[in-house]
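Residue strings, one per chain:
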Amino acid sequence: MEEVAQEVPQLALVAVIGFNGHVFSGLKIHPDKEHLIYPLGCTVIIKSLRSGKQTFLQGHTNNVSCISVSKSGRYIASGQVTFMGFKADVIIWDYEKKEIYARLVLHKARVEDLSFSPNDKYLVSLGGQDDGSIVVWNIESKEAICGSPASAQSAGHCLTIEYTNLNDEIFVSAGNGTLRVWELDLPNRKIRPTECQTGQLKRIVKCLEIPDDDNYFYCGTTSGDILKVNLKTRLLNSCGPVKQKFSKGVNTLKVLKNGDILVGSGDGVLSLCSGGNFKTHKSVQLEGGVTSVTLRGDGQQFYVGTEAAQIYSLGYTDFKPELIATSHNSAVKDVAFPFGTSELFATCSQNDIRVWHTETSKELLRITVPNITCNALGFMQDGRSIFSAWNDGKIRVFTPESGKLRLIIHNAHSMGVTAIAATNDCKRIVSGGGEGQVRVWEIFQDSYRLIETMKEHKATVNCIKIKSNDKECVTASSDGACIIWDLVRFVRNQMVLSNTLFGVVCYHPEEFQIITSGTNRKIGYWEVYDGSAIRELEGSLSGAINAMHICEDGKYFVTGGDDKLLKLWHYSDGEVTHVGIGHSGSITNVRICPNSRYIVSTSADGAILRGKILVSSDEAVNQANKIHSGRVESRVSTTQTRILQPEARERESGRKTASNGHPHISAYKSVMDKAKVAQLRSAIGNVGDALVIVSLGAETGAFPVCFSSS
């Protein structure tokens, strides 16, 4: 990865939507109280709470498994997982310089937990199940001082580790049947453990919390109770709550200045408990199991991370959660922009479809269908609906402003709908299934009709692209064939064969060529007229190419795949011009936004990355204006929404409309914000009187949609 990045310039990473909520205690507040620190894949993200600006710490070769921040805030430490038989790195980051201070390599396969000593002298690291050792590192010399097995041979695996607040030479470790207090003997370079006596209690401890005075420490267990242990005598002091345990175990603990304890449990409940008898005073239900709680300042405000990849902000007094960041918590399958606007985009994953504002990365709309995965989606060109393909064999069409289900096509395909596309006149949908069939559907207001089924593919249809005149489409399949179909006679025009599982296909904007890619790591150029091969490029050194998209002027295209690299190619030269680094999972899909300024890519780890295309903004806007102008003019005769003069519009619609209005605006039940429209029009580029951007009211949870004028 590093060799490739050195040869060509890197794409500038602008924003990341994502949070790995499965890392326990992975969400941290920096001591400056102004920045959130959290992991996403192999990246550590530092996000400003005021401006929302993100900084990315990239250096790990695999997923980050734990994070720790020093008491002074000078250092951040992060550990990773890796493959069996390989060493897992611990990286210490210099917070001010945002660069690697030290890379510590000793543990095998996984780093389970990390903790800084109170005066930033030492870092203690805990290896995972296959390593089972504790190592103390000298931060100044960047070397290991000593190490020891984390638990006795008769005990289980150690799961967590925590330094005391007043002494650089004492820390605590806990896990499955093991609870130890360690003392560092620096002259002899040894660490010496003392077992804590818990009597008849046998517990699996998942988290530790040590109050500022170092008199006691608290242990959260998988049984749903909390142990309070005397740090000096190493004896169990109390255990509770006695009756009402915390459901699905205690995942995280935080002790406040007044002695109360914040408890995050596996069932998604955040509780405020008494430090004495563990009685619950307040509680709130969140989405997903709570895995992280971090205090801002003295605890008047705190942030909570959950397994559902949600980050909440709460106050001590009102204890009401405010959702400040959301993201997908499983693989993102597809991404789509509405026709003619780059202001927003939609993504789909297991259980849901989400619509995002591009500039702010805020979630605007969520459409949830539980326990089902959405494989593909798109926007109708008139902006009135979102069509989607689901693995239960159904096609669902939703309204974009409210997410209401408008139409559902039952049993569209027997083995799940795997690919979908809509014609430019918004009257037909072409779908592909896991069984290899391609079906054409006619869509009415509240009903549908199956027009034709085309049965030449023998395996899953992975991608469908429709020509701009709606008379032809191309499908890519895992059977090693790309077929160009006639959508008037519903027969095959051409077939492209290759020794690969085709994953994606794209028309060149001039529609005389197609480009394909798949598991053979090759990018193929083909003639549409006769299906002959033009050229073949080596698209990747390792792993299949899963995603591809061409910009609207046809000069560049972008690819991504299992090698986790985003590559921007010059179409005519066949050369890589830029490489994007940042994904830690396989790239599943990619889109160049309509104004050609950004690339949005999605990956199997649930991340959505937005990178900047390094071309001048004037050039990009001019290109977008020409393309949109040409497209709208070419659609005059084929679409329902024809471009007319204002007087003709009034006669045709039968009612008074504004000179730049849209006859169907009443369907959205929203008032047009003229200032916002002017601002967005200047951002996208106004194409005469052909485009109108409508900003729907925030109170309805709606979002801007770009229409062609009536």
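Residues numbered from 1 in each chain as written. Predicted model: local features only at pLDDT ≥ 70, side-chain atom pairs only at ≥ 80, totals over all residues. Heavy atoms only, no water.

If you check an unreviewed UniProt entry, the protein chain appears there as Cilia- and flagella-associated protein 52 from Cirrhinus molitorella. As stated in UniProt under Sequence similarities (unreviewed entry), the record for the protein chain gives "Belongs to the CFAP52 family." Quoted verbatim from the Subunit (unreviewed entry) field of UniProt, the annotation for the protein chain is "Microtubule inner protein component of sperm flagellar doublet microtubules. Interacts with BRCA2. Interacts with the CCT chaperonin complex. Interacts with HSP70. Interacts with AK8. Interacts with CFAP45. Interacts with DNAI1. Interacts with IQDC." (UniProt positions renumbered as here; feature names shortened; annotations may be inferred.)

Moving on, we come to the UniProt feature "repeat: WD" (unreviewed entry) in the protein chain. When the UniProt feature table is mapped onto this chain numbering, "repeat: WD" (unreviewed entry) sits at residues 104-147, 325-366, 410-443, 454-487 and 538-579. The distance separating the terminal C-alpha atoms of residues 410-443 is 13 Å; by composition the span is 0% helix and 53% strand. (Helix = DSSP H or I, 4+ residues; strand = E, 2+ residues; numbered from the N terminus.)

Let us look at the pattern of salt bridges. By the definition in use, this model includes 24 salt bridges. For Glu 363, the salt bridge identified is with Arg 366, shortest N-O distance 2.8 Å. The exposure class of Glu 363 is partly exposed, given its relative accessible area of 24%. When its relative accessible area of 24% is taken as the criterion, Arg 366 is described as partly exposed. (Salt bridge = Lys/Arg side-chain N within 4 Å of Asp/Glu carboxyl O. Buried < 20%, exposed > 50% of the residue type's maximum accessible area, 1.4 Å probe, protein only.)

In this structure, Val 505, Ile 514, Ile 515, Ile 523, Tyr 525, Met 548 and Phe 557 are the most contacted members of the largest nonpolar core, which totals 24 residues. Where this core is concerned, the elements lending two or more residues are strand E42 (472-477), strand E43 (481-486), strand E45 (502-507), strand E46 (513-518), strand E47 (522-527) and strand E49 (545-550). Each residue touching Val 505, except ones within four places of it in the same chain, is listed here: Cys 463, Lys 465, Val 474, Thr 475, Ala 476, Cys 482, Ile 514, Ile 515 and Thr 516. (Core = buried A, V, L, I, M, F, W, Y, C linked by side-chain atoms within 4.5 Å. Contact = heavy atoms within 4.5 Å.)

A word on unusual backbone geometry. Along the chain, Gly 240 connects to Pro 241 via a cis peptide bond; the corresponding omega equals -5°. Along the polypeptide, Pro 241 turns up in the loop between strand E21 (236-240) and strand E22 (250-255). Positive phi outside glycine occurs at Ala 309, with the angle close to 65°. Residue position: Ala 309 is located in the loop between strand E27 (301-306) and strand E28 (311-315). Exposure remark for Ala 309: the relative accessible area of 1% places this residue in the buried category. Of note, Ser 361 is a non-glycine position whose phi angle comes to about 60°, a positive value. Mapped onto the fold, Ser 361 is located in the loop between strand E32 (350-357) and strand E33 (363-379).

In this structure, His 107 sits in strand E9 (residues 99-108). A polar contact is formed between the side chain of His 107 and the side chain of Asp 131, at a distance of 2.9 Å. Setting aside its immediate chain neighbours within four residues, His 107 contacts Phe 86, Lys 87, Ala 88, Val 90, Ser 125, Leu 126, Gly 127, Asp 131, Ser 133 and Val 135. (Polar contact = N/O pair within 3.5 Å; in protein donor to acceptor, adjacent residues only side chain to side chain.)

A word on the sheet that holds E21. One key point about sheets: their strands pair by backbone hydrogen bonds, in either a parallel or an antiparallel sense. Sheet architecture is open: four strands sit in the order E18-E19-E20-E21, paired in antiparallel fashion. Pairing within the sheet leaves two strands with one partner each, and these edge strands are strand E18 (205-209) and E21. Taking the axes of each pair of neighbouring strands and ignoring which way they run, one obtains an average angle of 20° across the sheet. (Pairing = 2+ DSSP bridges. Axes fitted to C-alpha atoms, helices over the stretch in contact; angles between N-to-C directions.)

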